[in-house]
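Chain residues, written in single-letter form:
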There are 2 protein chains.
Amino acid sequence: MKILSHRGICVKYQNTMVVKKNPSAHAIRTRRRRTGGVASQPTVGDIARIAGVSTATVSRALNRPETVSPQLRDRVGRVVKELGYLPSGAAKALASNRSFTIGAVVPTLNNAIFSACIAAFESRLSDAGYTLLITVSNYDHSHETQQVRRLLERGVDGMMVVGLDHADATYVTLERANAAYVTIWGYDENSPVPCVGFDNAAAAETVVDHLFALGHRRLAMVAGITRDNDRATARLAGVKRAMQRHNLTMDPGLFMEKPYTHQCGRDAFADLMSLSEPPTAIICGNDVLAMGVMFEANLRGIAIPGEVSITGYDNLPITRHLNPGLTTIDLPSEAIGHAAADVLIANQAEGHPIKSRLFDAPLLVRGTTGPCPGGRR
Amino acid sequence: MKILSHRGICVKYQNTMVVKKNPSAHAIRTRRRRTGGVASQPTVGDIARIAGVSTATVSRALNRPETVSPQLRDRVGRVVKELGYLPSGAAKALASNRSFTIGAVVPTLNNAIFSACIAAFESRLSDAGYTLLITVSNYDHSHETQQVRRLLERGVDGMMVVGLDHADATYVTLERANAAYVTIWGYDENSPVPCVGFDNAAAAETVVDHLFALGHRRLAMVAGITRDNDRATARLAGVKRAMQRHNLTMDPGLFMEKPYTHQCGRDAFADLMSLSEPPTAIICGNDVLAMGVMFEANLRGIAIPGEVSITGYDNLPITRHLNPGLTTIDLPSEAIGHAAADVLIANQAEGHPIKSRLFDAPLLVRGTTGPCPGGRR
DNA sequence: CCTTGTCATGTAAGCGCTTACATGAAAATC
DNA sequence: GATTTTCATGTAAGCGCTTACATGACAAGG
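Analysis parameters
- Residues numbered from 1 in each chain as written.
- Chains lettered and ligands numbered in written order.
- Predicted model: local features only at pLDDT ≥ 70, side-chain atom pairs only at ≥ 80, totals over all residues.
- Heavy atoms only, no water.
- Contact = heavy atoms within 4.5 Å.
- Buried area = accessible area lost by both parts, 1.4 Å probe.
- Salt bridge = Lys/Arg side-chain N within 4 Å of Asp/Glu carboxyl O.
- Helix = DSSP H or I, 4+ residues; strand = E, 2+ residues; numbered from the N terminus.
- Nonpolar A, V, L, I, M, F, W, Y, C, P; charged D, E, K, R; others polar.
- Pairing = 2+ DSSP bridges.
- Buried < 20%, exposed > 50% of the residue type's maximum accessible area, 1.4 Å probe, protein only.
- Polar contact = N/O pair within 3.5 Å; in protein donor to acceptor, adjacent residues only side chain to side chain.
- Least-squares fit on C-alpha atoms with pLDDT ≥ 70 in both.
- Axes fitted to C-alpha atoms, helices over the stretch in contact; angles between N-to-C directions.
- Parallel < 35°, antiparallel > 145°, perpendicular 65-115°, else oblique.
- Left-handed = near helix turned anticlockwise from the far one by under 90°.
- Phe/Tyr/Trp six-rings, centres within 6.5 Å; stacked < 30°, edge-to-face > 60°.
- pLDDT = per-residue confidence, 0-100.
- Core = buried A, V, L, I, M, F, W, Y, C linked by side-chain atoms within 4.5 Å.
- Expected span 1.5 Å × (residues − 1).

1. Topic: the interface of chain A and chain B
Of the residues lining the interface, 94 residues belong to chain A; the matching set on chain B comes to 94 residues. Counting each side, the surface lost to burial between chain A and chain B is near 7600 Å², with a carbon and sulfur contribution of 55%. In this structure, the connection of chain A to chain B is made through zero salt bridges. Looking at the side of chain A that touches chain B element by element, the count peaks at seven residues for helix 8 (residues 141–153) of chain A. Looking at the side of chain A that touches chain B residue by residue, the class counts come to 42 nonpolar, 31 polar and 21 charged. Across three bridges, the pairing between strand 2 (residues 131–136) of chain A and strand 2 (residues 131–136) of chain B is antiparallel. Across the sheet, the residue bridging to Ile134(A) is Leu132(B), located in strand 2 of chain B.

So, in structure tokens, the structure goes:
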């Protein structure tokens, strides 16, 4: 822990003041330097001059060392190190039309499943020399359009957006800008846009099938908010479709939409249990809701799965440690993050087209689901 | 869900091929356009020509509308909308020396406490028109240096790094680049670098005090890995300091460092309980470890806090729903994220110097701590 | 009516890189 | 030995913006 003097800011501050108060030619010219006026940062020109070569050679030595003679390469390298030279990304991006920057728009960062995906995404990008620009949409399509636009302005080389369903303007903007992008989480084989994800509805169906096989007939669903969220919508649709397939009646009172919070899961459970005829199994739109449901059941001394079965969706790392372990959909969040990064990088590096990719999202049966109490009804 | 044709990538791909195979002057010139050769994006020049004004006026109309007559402002605005013009961030950054981009280096994204902070940080940045560049260090100081360098190359207007303890090179790079930066999480009033955080050690001391007051004398600590992690180090130090203050003996066998995972918490508990004389209270370096400890205790039927008290550190949203609720340090992660963003933005916008800021991190007593079993020893 | 501001707009010079093309020396070919 | 080819390096033209300064119209002041 060695700490150097921290004066940069002050100087910068004072400099700004000077400029404001006394816009002399000199002050203005000074201000334009990259660092705000003080010790200006070295540029390729400086490196070139000191190393006694042209700027083109410096650029080549730095970006395609193999095209430069070893002596010059070393000479340039030495000067670069000596001066602590950092290339200007803006200038590079402007001149080369590549920013080595990739954008992502996620609905939220406060859900471990997205964080995990983003972490995987970032990790791959970082290894390939890219930096991640991240923005959050808060599950709001019109806000998302703004964020996409902003990322495009920042000159990202590619972009990842969550979900297939977006505002028209988002797609228009993306296509107009001729952007390289990939959607994640959802998968639709007929999708005209590339998607790296899984079939949310199909996975939800397997949950119902599992519960049906266990004898459950009275199923409830605590879905996420479906507005502007195609994943939540698809999961709900999957559950309904499977129930229809099994000829199960769907009591509207057993279907609800809740924000993805533990508290909402608890509230949902309380509501469901206060019904005259409570469900024997509760399908949750994600693990956070499922955990909330479990917590409330626990508090009320209602046995899981003895009295009620619970299912989640996501397979958050914590869910396997719960007691009993949560039966859930094992969502390949990391694989998706990696694949999304790979496809974007390959597109930039080798010009590979961005192709869709389907992942499995298998049902993971653990302890929260069991036979329907009282046998089949 | 309206989906447009998705042809951009292919064209770009083909175009790259063309260029590679036939580097005619035309193909090359074409390739240089921002979009890769197809329909090129409009520029200020295009807007200016169509609106019948100069590029300077376009720039002013877009960035400082009040300096332009209403008619021209409208005229420019209309053309901008019509052409779907998106300014080039690279060109803006190069010309104005401002990127409207802020960087962050975090140890991991796979810990809800950081995600929450980042979410708060991003939210404030976004409101102010900034975009967040995020990189992760994986708790590795030398990797962190690389990431800082990369962010600087990308031309961030400011940067946030987690913790006060960093590699020399990190600080050297930061100062040399004259960067506006702030460290978060830790706070040290004597720090020469600005820090927005709380006193990790002091908070850890309050945990010990609380346990001591409950009669516990045999304390164990499951700390995080302290290497390259000043927060974990400070927490451990705080615990030791408080124990010394209370004249408690510190059995080395009761102190261990573990990665921040649930499983490690479980393992730690198993180890601790297999000791001939197990602790009556276990202080955990963070909530994830604490939850792991709780899960294992639960599995073994060991009563909390009847037989053993547990404390966490972070106050993750889930911890209040646990049964019993986890006694932990209420870490102001969102406030820190907001404050870090605010200070960086104010520095850019108004030239305010970046000042340190101290937050409270109070002990939150919930159900996992109780009187020492068997009274005081 | 002339001067002096004031203000909206234009002109054009960069910002710091990349890279097409030019150049010239050395190597290869005839 | 004259030629062509190859290759490392240099020259200089942008990339798409911002902005200092120039300009000219018009208003205000004398």
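2. Re the sheet that holds strand 2 of chain A
The twelve strands lie next to each other as 11(A)-5(A)-4(A)-3(A)-1(A)-2(A)-2(B)-1(B)-3(B)-4(B)-5(B)-11(B), forming an open sheet whose pairing is mixed. Each end of this open sheet is capped by a strand with a single partner; those strands are strand 11 (357–358) of chain A together with strand 11 (357–358) of chain B. Across four bridges, strand 1 (residues 101–106) of chain B lies against strand 3 (residues 158–162) of chain B in parallel orientation. Counted as the bridge partner of Ile102(B) is Gly158(B) from strand 3 of chain B.

3. Side note on the environment of Ser274(B)
Residues and elements named next belong to chain B. Within the secondary structure, Ser274 is located in the loop between helix 12 (262–273) and strand 8 (281–284). Using a relative accessible area of 59% as the deciding quantity, one classes Ser274 as exposed. Separated by 164 residues in sequence, Ser274 and Asn110 place their C-alpha atoms 30 Å apart. One polar contact links the side chain of Ser274 to the main-chain carbonyl oxygen of Asp271, over a distance of 2.7 Å.

4. Focus: the side chain of Thr280(A)
Position of Thr280(A) among the secondary structure elements: in the loop between helix 12 (262–273) and strand 8 (281–284). A distance of 2.6 Å separates polar atoms of two side chains, one belonging to Thr280(A) and the other to His216(A).

5. Description of the relation of the copies chain A and chain B
Its rotation angle being 180°, the transformation that places chain A on chain B also includes 0.0 Å of axial translation and leaves an RMSD of 0.0 Å. On the angle and the small slide along the axis, the relation comes out as a two-fold axis.

6. Some thoughts on the packing of helix 12 of chain B against helix 13 (residues 287–299) of chain B
Working note: a packed helix pair is described by the angle between its axes plus the distance between those axes. Residue and element names in this part refer to chain B. Their axes nearest at 6 Å, the elements helix 12 and helix 13 cross at an angle of 55°. Relative to helix 13, the element helix 12 lies oblique. For the pair helix 12 and helix 13, the sense of crossing is right-handed. Each of His262, Cys264, Gly265, Arg266, Phe269 and Ala270 in helix 12 lies in contact with helix 13, whose residues at this interface are Val288, Leu289, Met291, Gly292, Val293, Phe295, Glu296, Ala297 and Leu299.

7. Some points on the pattern of salt bridges
Scanning all chains against the criterion turns up 26 salt bridges over all chains. The closest approach of N and O atoms between Asp251(B) and Arg218(B), which form a salt bridge, is 3.2 Å. Placement of Asp251(B) in the loop between helix 11 (230–245) and strand 7 (255–257) and of Arg218(B) in the loop between helix 10 (200–213) and strand 6 (219–223) is noted, with a sequence separation of 33 residues between them. For Asp251(B), a relative accessible area of 30% translates into the label partly exposed. For Asp230(B), the salt bridge goes to Arg231(B), with nearest N and O atoms at 2.7 Å. Residue class for Asp230(B) comes out buried when judged on its relative accessible area of 16%. One salt-bridge network, held together by shared partners, links Glu205(A), Asp209(A), Arg241(A) and Arg245(A).

8. Describing the sheet that holds strand 8 of chain A
One key point about sheets: their strands pair by backbone hydrogen bonds, in either a parallel or an antiparallel sense. Residue and element names in this part refer to chain A. Pairing within the open sheet is parallel, and its four strands lie in the order 7-6-8-9. Each edge of the open sheet is held by one strand with a lone partner, namely strand 7 (255–257) and strand 9 (309–311). In this sheet, adjacent strand axes meet at a mean angle of 15° when their direction is disregarded. Bridge analysis of strand 6 (residues 219–223) against strand 7 gives three bridges, and the strand direction is parallel. Looking at strand 7, one finds that Met221 is bridged to Phe255.

9. Regarding the packing of aromatic side chains
With the rule as written, the count across this model stands at nine aromatic pairs over all chains. On the basis of an interplanar angle of 35° and a centroid distance of 6.5 Å, the ring pair of Phe198(A) and Tyr313(A) is categorised as tilted. Of the two residues, Phe198(A) is situated in strand 5 (residues 195–198) and Tyr313(A) in the loop between strand 9 and strand 10 (328–329); the sequence distance between them amounts to 115 residues. Each of the two residues, Phe198(A) as well as Tyr313(A), counts as buried. Where Phe100(B) meets Tyr130(B), the ring centres are 4.9 Å apart and the plane angle is 40°; that geometry is what we call tilted. Here the residue Phe100(B) occupies a position in the loop between helix 6 (89–96) and strand 1, and Tyr130(B) occupies one in the loop between helix 7 (112–127) and strand 2, the gap between them amounting to 30 residues.

10. Observations regarding the confidence of the model for chain A
Caution applies to low-pLDDT regions: their predicted coordinates should not be interpreted in detail. Confidence along chain A averages 89 in pLDDT terms, with 89% of residues attaining 70 or more. Scored below 50 in pLDDT, residues 1–37 of chain A shows 62 contacts in the model against residues more than four places distant or in partner chains.

11. Some words on the nonpolar core
The biggest cluster of nonpolar side chains holds 158 residues, and the ones touching the most others in it are Ile282(A) and Ile282(B). Contact partners of Ile282(A), with chain neighbours within four places excluded, come to Ala220(A), Val222(A), Phe269(A), Leu272(A), Met273(A), Val293(A), Val308(A), Ser309(A), Ile310(A) and Thr311(A). Core analysis: the second largest hydrophobic core is formed by 34 residues, Val156(A), Cys195(A), Leu152(B) and Ala179(B) among them.

12. Observations concerning helix 7 of chain B
In a regular helix each residue adds 1.5 Å, so 16 residues correspond to 22 Å; helix 7 of chain B covers 22 Å between its end C-alpha atoms and thus fits that length. Counting buried positions along helix 7 of chain B yields twelve of 16 residues, so the element is predominantly enclosed.

13. Notes on unusual backbone geometry
For the bond from Asn323(A) to Pro324(A), the omega torsion is 0°, close enough to zero to count as cis. The residue Pro324(A) is located in the loop between strand 9 and strand 10 in this model. Residue Pro305(B) is bonded to the preceding Ile304(B) through a cis peptide linkage, with omega at 5°. Mapped onto the secondary structure, Pro305(B) falls in the loop between helix 13 and strand 9 (309–311). The backbone phi angle of Phe100(A) is positive, close to 55°, even though this residue is not glycine. Judged by its relative accessible area of 33%, Phe100(A) is partly exposed. Located in the positive-phi region is Asp228(A), a residue other than glycine, with phi close to 55°.

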